[in-house]
Amino acid sequence: MNNTASVPGATASHPASVSIDGLHKSYGSLDVLKGISLEVGPGEVVCLIGPSGSGKSTLLRCVNLLETPQQGVIRIGDVEVTDPEVDIDAVRRRVGMVFQQFNLFPNMSVLGNLTVAQRKVLGRSEAEARKTAMLNLERVGLAEKAENAPAQLSGGQQQRVAIARALSMDPELMLFDEPTSALDPETVGDVLAIMRDLAKEGMTMLVVTHEMAFARDVADRVVFMDGGVVVEEGPAREVVGAPQHKRTQAFLSRVLNPTQVDAPED
């Protein structure tokens, strides 16, 4: 994809599909992913939910090759990213990723954080990179913070900058790994609102989240993972509102009713 030809500040003109087939990932004797298969269509929003340690974040990191799976095939669009000969940097140029922590460069201004990769990776001029950065900062409601240092921003503002930085690379796919988990409750809504807008604009999104209302209302599909496998998946409102599997039911009961005491199992 020629990123520099994309419209600055817009979602990818050709949102990517994601295909995962038989994915295995282990750390020593610990099997974290046990044959995951998953499809995400172009422009589709899929939320991954499940307890801690279920493999959700590892799956996301494998898609971007931040983790190398031992077995299985991952495709982004027409590119097999698990091919040993693949150009990893080219793959990552197509994929934006937003982490739990904001990972902004503390020694750069907000604007610098948004322009450095555009110039060094995409080869954009300073003027073009700045224009794209300002469009995306405006998009997340932070244009007036362009010259600030990250440390001068709240956590929610820093996460919005991180999203703007990812969007400035004109990605075909966005990965979100618990993007609100490190935020104060009052700032969560601002970040989720931006993600809702991206979904409306047709960005392909794979989201690890514990925000069940977001998953229910924004996702096309929800995938419940536990123990390194997909336990249940389906339309978002069905999985969140009327889960079929007992493990999904138990998880959602705990998440949606945190003060409820579980009944003892037979």
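Residues numbered from 1 in each chain as written. Predicted model: local features only at pLDDT ≥ 70, side-chain atom pairs only at ≥ 80, totals over all residues. Heavy atoms only, no water.

As annotated in an unreviewed UniProt entry, the protein carries the name ABC-type polar-amino-acid transporter and is attributed to Kocuria coralli. Turning to the protein, the UniProt annotation filed under Subcellular location (unreviewed entry) states: "Cell membrane". (UniProt positions renumbered as here; feature names shortened; annotations may be inferred.)

J.: Which parts of the structure should I look at to understand the layout of surface pockets?
T.: Vacant regions in the atomic arrangement are exposed by a probe of water-molecule size rolled over the atoms. Considering only enclosed or pocket space, the largest pocket measures out at about 630 Å³ in volume. Around the largest pocket, the lining comprises 24 residues; the ones closest to its centre are Val95, Met97, Ala117, Arg165 and Met169. At five residues, the largest contribution of residues to the lining of the largest pocket is made by helix H3 (residues 110-121). Per-class residue counts for the lining of the largest pocket are 14 nonpolar, five polar and five charged. (1 Å grid on protein atoms, 1.4 Å probe; cavity = no way out; pocket = protein on both sides within 12 Å on 5 of 7 lines; lining within 4 Å. Points joined across faces, edges and corners; volume = space filled by probe spheres on them. Helix = DSSP H or I, 4+ residues; strand = E, 2+ residues; numbered from the N terminus. Nonpolar A, V, L, I, M, F, W, Y, C, P; charged D, E, K, R; others polar.)

J.: Explanation requested: the sheet that holds strand S8 (residues 204-208) in the structure shown.
T.: Pairing between the strands of a sheet comes from backbone hydrogen bonds, and it takes one of two forms, parallel or antiparallel. Reading across the sheet, the six strands line up as S6-S7-S8-S3-S9-S10 and stay open at both edges, with mixed pairing between neighbours. Strands at the two margins of the open sheet, each flanked by one partner only, are strand S6 (95-98) and strand S10 (229-235). Averaged over all adjacent pairs, the angle separating strand axes in this sheet is 15°, with direction ignored. With four bridges joining them, strand S3 (residues 45-49) and S8 adopt parallel strand pairing. Paired with valine 45 across the bridge in S8 is methionine 205. Where helix H5 (residues 155-167) meets the sheet, its contacts fall on S6 and strand S7 (173-177), and the angle it forms with S6 comes to roughly 170°. (Pairing = 2+ DSSP bridges. Axes fitted to C-alpha atoms, helices over the stretch in contact; angles between N-to-C directions. Contact = heavy atoms within 4.5 Å.)

J.: What exactly am I supposed to notice about helix H6 (residues 185-200) here?
T.: In an α-helix, one turn spans 3.6 residues; hence positions three or four apart end up facing the same way. Along its 16 residues, H6 runs 24 Å from first to last C-alpha, staying within 8% of the 22 Å computed at 1.5 Å per residue. For H6, the set of buried residues is Thr187, Val188, Val191, Leu192, Ile194, Met195, Leu198 and Ala199. End-on view of H6: buried residues confined to an arc of 155°, all on one side of the axis. Away from its buried face by more than 90 degrees, H6 exposes Glu186 and Lys200. Elements in contact with the buried residues of H6: S3, helix H4 (126-139), H5, S7, S8 and helix H7 (212-218). Glycine 202, located one to two residues past H6, shows a positive phi value of around 95°. (Expected span 1.5 Å × (residues − 1). Buried < 20%, exposed > 50% of the residue type's maximum accessible area, 1.4 Å probe, protein only. Arc of directions from axis to C-beta.)

J.: Explanation requested: the packing of H3 against H5 in the structure shown.
T.: Angle between the axes and distance between the axes: these two values describe a pair of packed helices. H5 packs onto H3 with a crossing angle of 25° between their chain directions and a minimal axis gap of 9 Å. On the basis of their axis angle, the class for H3 and H5 is roughly parallel. Seen along the crossing, H3 lies across H5 with a hand that is right-handed. Facing Val110, Asn113 and Leu114 of H3, the residues of H5 in contact are Val161, Ala164 and Arg165. Classifying every residue of the contact of H3 with H5 gives four nonpolar, one polar and one charged. (Parallel < 35°, antiparallel > 145°, perpendicular 65-115°, else oblique. Left-handed = near helix turned anticlockwise from the far one by under 90°.)

J.: Is there a simple way to explain the nonpolar core in this structure?
T.: With 47 residues, the main nonpolar core has Phe176, Met205 and Val222 as its most contacted residues. In terms of residues, this core owes the most to one element, H6, which gives seven residues. Setting aside anything within four residues of it in sequence, one finds valine 222 in contact with Cys47, Ile49, Ala215, Glu232, Glu233, Gly234, Ala236, Val239 and Val240. Within the second largest apolar cluster, 29 residues are counted, among which are Val18, Ile36, Leu48 and Leu206. (Core = buried A, V, L, I, M, F, W, Y, C linked by side-chain atoms within 4.5 Å.)

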